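Secondary and tertiary structure notes
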Amino acid sequence: MRGEIDKSQQPDISNRKIFSASALGFLTAATIVTSLRNLPMMAQEEMTMFFYIGISALLFLIPAGLVAAELGSAFSDRTGGVYTWVGEAFTPKVGFIAIWLQWAECVVWYPTELGFAAAAIAYAFGDQSLAGNTYYIGGFCIVAYLIATAVALSGTKFLAEVTKYGFLLGTLMPCVILIALAIGWVMLGHPLGWETVTDPAVAVRGEGQAHPRWFPHITGLGAVAFLGGILLSFAGIEAQASHVSEMPNARRGYPIVIGIAALVSFLVFTLGALAISAILPYKQISIETGLFIAFNQGFSQLLGIGWPVQILAGLIAYGALGGALAWLAGPSKGLLATAQDGMLPPWFQRENARGVQKNILYTQCLIVLLISSIYVLVDNVSTAFVLISVMAISLYIIMYLLMFAAVIRLRYTQPDLPRSFKIPGGITGVWITAGTGIAAVSFALLVSFFPPQQLTIADPKTYVALVFSGIVIAVSIPLLIFYLRKPSWRQEGGHKQQSFSDIDE
């Protein structure tokens, strides 16, 4: 067929070792901290952010990192990521559901990340009104994703370079500058933002004045709905596991990858959010624009200038696009493994000359473009942002439930499987670690059904219906595809290192 590649004449791309532990560690960190867009959300919690971020790290980030390290090192010679992990623990069908949900979550999430990049570009050009223009946001998402897909099709090595510098220049560097501004703000005696807090949700009155709370004031599930959002802000530590076979000495190196990613993401979220809450009065912390207002306040009050904000906004937009790129290739590569095992029609198995899953990326691109049109169809960008984010979070939580359950089951079904890294404490440690993760994401799923009090949702019933219908549809699609699959779909030998005993289970 015209345009198809004769794979017998191609070099074995899968054997190229292009990732060092540090390179994949920062790529994974970029997958977690896709941009700085979540910092204002965390800063709104003022001093209670330490409780939320600490709980999120203790109950989710650490367990997820330990589980990913064990499973990644155990299957370091295999492609597929969570597809392989969950498939080995249960059945290929369940593994297919897991990777499908991870991929679907990404597809739904891309427009929210690109929407933030669009707002950053608006600030870079000095036209803040564009950040609320739905036609501009939707159009930007469409064009940006087309460019991102073209970058992904050029090959993993180039994508990794673009993502690395996007993370360093567009996420880490602006975050460091923000922290430096906050330090200068404090040293020069400017009023601290958290001293202006009067909201009883994050402040308590005493001795005639309000003081920030260190522990949240919980009046109902709606009051802690943001915990689910903060918890899932640390999601993605497992997303680059499909590249583990591209590392030299992956069994030793992949746990280092997880450690780098976890530490960097924790520091960025904690120190970055604290900097915003120090510079901005509580009422000025906006989820959509709080980051840029904090930069503007810092530079104008400390240095009497404003032009660096536009440069930083451009870099932050690059960082957000790099974050989208970090997610663009990983889950879709895992989906390629399922296609090669016959879960998807042969059309989805096709790769270009660089070994990139081109048809999966084309399909992914089309879906993202359709979802991006939501920005054009609604009147309020914030509403679209919230609704799309809720859909993405609910899908990802189910995938994590399967991943945590997989590490427990594999300790019983494959106890002798070589694992260069094991969760400490034997089987008891595995149960405690994975059980903690299961409890955390189950709670996040529960609170996702309650509209956050900090946001105005016109119809709570619509909010709940969207979350529930998104879960049902997302899980039903892979089950339907699995039911309709044909034996002729399977590539001879399956994907390159497959060892599932029975693909028909």
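Residues numbered from 1 in each chain as written. Predicted model: local features only at pLDDT ≥ 70, side-chain atom pairs only at ≥ 80, totals over all residues. Heavy atoms only, no water.

**Description of the overall build of the protein**
When helices and strands are counted, the protein shows 16 helices and 2 strands. The buried share among the 505 residues of the protein stands at 56%. Put simply, 80% of the contacts in the protein that link residues at least 6 apart link residues at least 24 apart. Carbon and sulfur atoms make up 65% of the accessible area of the protein, which totals about 20200 Å². (Helix = DSSP H or I, 4+ residues; strand = E, 2+ residues; numbered from the N terminus. Buried < 20%, exposed > 50% of the residue type's maximum accessible area, 1.4 Å probe, protein only. Contact = heavy atoms within 4.5 Å. Areas by Shrake-Rupley, 256 points an atom, 1.4 Å probe, with all protein chains shown as cover.)

**Structural notes on the pattern of salt bridges**
Inspection of every chain in the model, using the stated rule, returns 2 salt bridges. Taking the shortest distance from any N to any O, the salt bridge between Arg411 and Glu70 comes out at 2.9 Å. Taken together, the positions of Arg411 in helix H14 (residues 381-413) and Glu70 in helix H3 (residues 48-74) put the pair 341 residues apart, joining distant regions of the chain. For Arg411, a relative accessible area of 12% translates into the label buried. (Salt bridge = Lys/Arg side-chain N within 4 Å of Asp/Glu carboxyl O.)

**A closer look at the packing of helix H5 (residues 92-124) against helix H16 (residues 460-484)**
Interhelical geometry of H5 versus H16 gives an angle of 135° and a closest axis separation of 9 Å. The angle between the axes of H5 and H16 places the two elements in the oblique class. Here the hand of the crossing between H5 and H16 comes out right-handed. Residues Lys93, Phe96, Ile97, Trp100 and Leu101 of H5 lie in contact with H16, whose contacting residues are Ala474, Val475, Ile477, Pro478, Leu479, Ile481 and Phe482. (Axes fitted to C-alpha atoms, helices over the stretch in contact; angles between N-to-C directions. Parallel < 35°, antiparallel > 145°, perpendicular 65-115°, else oblique. Left-handed = near helix turned anticlockwise from the far one by under 90°.)

**Here's the deal with helix H6 (residues 134-153)**
Spanning 20 residues, H6 covers 29 Å between terminal C-alpha atoms, matching the ideal 28 Å at 1.5 Å per step. Residue Gly155 follows H6 closely and has a positive phi angle near 125°. (Expected span 1.5 Å × (residues − 1).)

**Thoughts on the layout of surface pockets**
Think of a ball as big as a water molecule: rolled over the atoms, this probe shows where empty space is left. Approximately 290 Å³ is the volume attributed to the second largest pocket. Surrounding the second largest pocket, 15 residues form its lining, Val108, Leu395, Ile473, Ala474 and Ile477 being those nearest its centre. Put simply, the parts of the chain that give the lining of the second largest pocket at least two residues each are H5, helix H12 (358-372), H14 and H16. Per element, the largest residue contribution to the lining of the second largest pocket is 6 residues, and it comes from H16. (1 Å grid on protein atoms, 1.4 Å probe; cavity = no way out; pocket = protein on both sides within 12 Å on 5 of 7 lines; lining within 4 Å. Points joined across faces, edges and corners; volume = space filled by probe spheres on them.)

**Observations regarding the environment of Phe468**
Position of Phe468 relative to the elements: it lies in helix H16. Residue class for Phe468 comes out exposed when judged on its relative accessible area of 52%.

**Brief notes about the packing of H6 against H12**
The geometry of H6 relative to H12 is characterised by a closest axis approach of 9 Å and an angle of 170° between their N-to-C directions. By the criterion of interaxial angle, the relationship of H6 to H12 is roughly antiparallel. Along the contact surface, H6 presents Gly138, Cys141, Ile142, Tyr145, Leu146, Thr149, Ala152 and Leu153, while H12 presents Lys358, Leu361, Tyr362, Gln364, Cys365, Val368, Leu369 and Ser372. Partitioning the contact of H6 with H12 into residue classes produces 11 nonpolar, 4 polar and 1 charged. (Nonpolar A, V, L, I, M, F, W, Y, C, P; charged D, E, K, R; others polar.)

**Quick word on the confidence of the model for the protein**
Here the protein shows a mean pLDDT of 78. Residues at 70 or above account for 79%. Note on residues 496-501: pLDDT under 50 across the span, and 19 contacts to partners over four residues away in sequence or across chains. (pLDDT = per-residue confidence, 0-100.)

**Focus on the packing of aromatic side chains**
On inspection of all chains with the given rule, the structure shows 10 aromatic pairs. Here the aromatic rings of Phe96 and Trp100 are separated by 6.0 Å at their centres, their planes lie at 65°, and the arrangement is edge-to-face. Of this pair, Phe96 and Trp100 both sit in helix H5, separated by 4 residues, roughly a single helical turn. Taken individually, Phe96 and Trp100 each receive the classification buried, so the pair is uniform in this respect. Relative to Trp103, the ring of Trp100 has its centre 5.2 Å away and its plane inclined at 55°; by these criteria the two rings are tilted. One end of the pair is Trp100 and the other is Trp103, both in helix H5 and 3 residues apart, which spans about a single turn. For the pair Trp100 and Trp103, one class covers both residues: buried. A network of ring pairs unites the aromatic residues Phe60, Tyr396, Tyr400 and Phe404 as a single cluster. We note Arg485 situated over the ring of Phe482; from NZ or CZ to the ring centre the distance is 3.7 Å. (Phe/Tyr/Trp six-rings, centres within 6.5 Å; stacked < 30°, edge-to-face > 60°. Lys NZ or Arg CZ within 6 Å of the ring centre and 35° of its normal.)

**Some remarks on the environment of Leu446**
The topology assignment puts Leu446 in helix H15 (residues 426-447). As for Leu446 and Ser394, which are separated by 52 residues in sequence, their C-alpha atoms are 9.4 Å apart.

**With respect to a nonpolar patch on the surface**
On the surface, Tyr165, Leu168, Leu169 and Met173 cluster together into a nonpolar patch covering about 310 Å² of accessible area. Mapped onto the fold, Met173 is located in helix H7 (residues 156-187). (Patch = residues over 30% accessible without salt bridge, like charges linked within 9 Å, V, L, I, M, F, W, Y side chains within 5 Å.)

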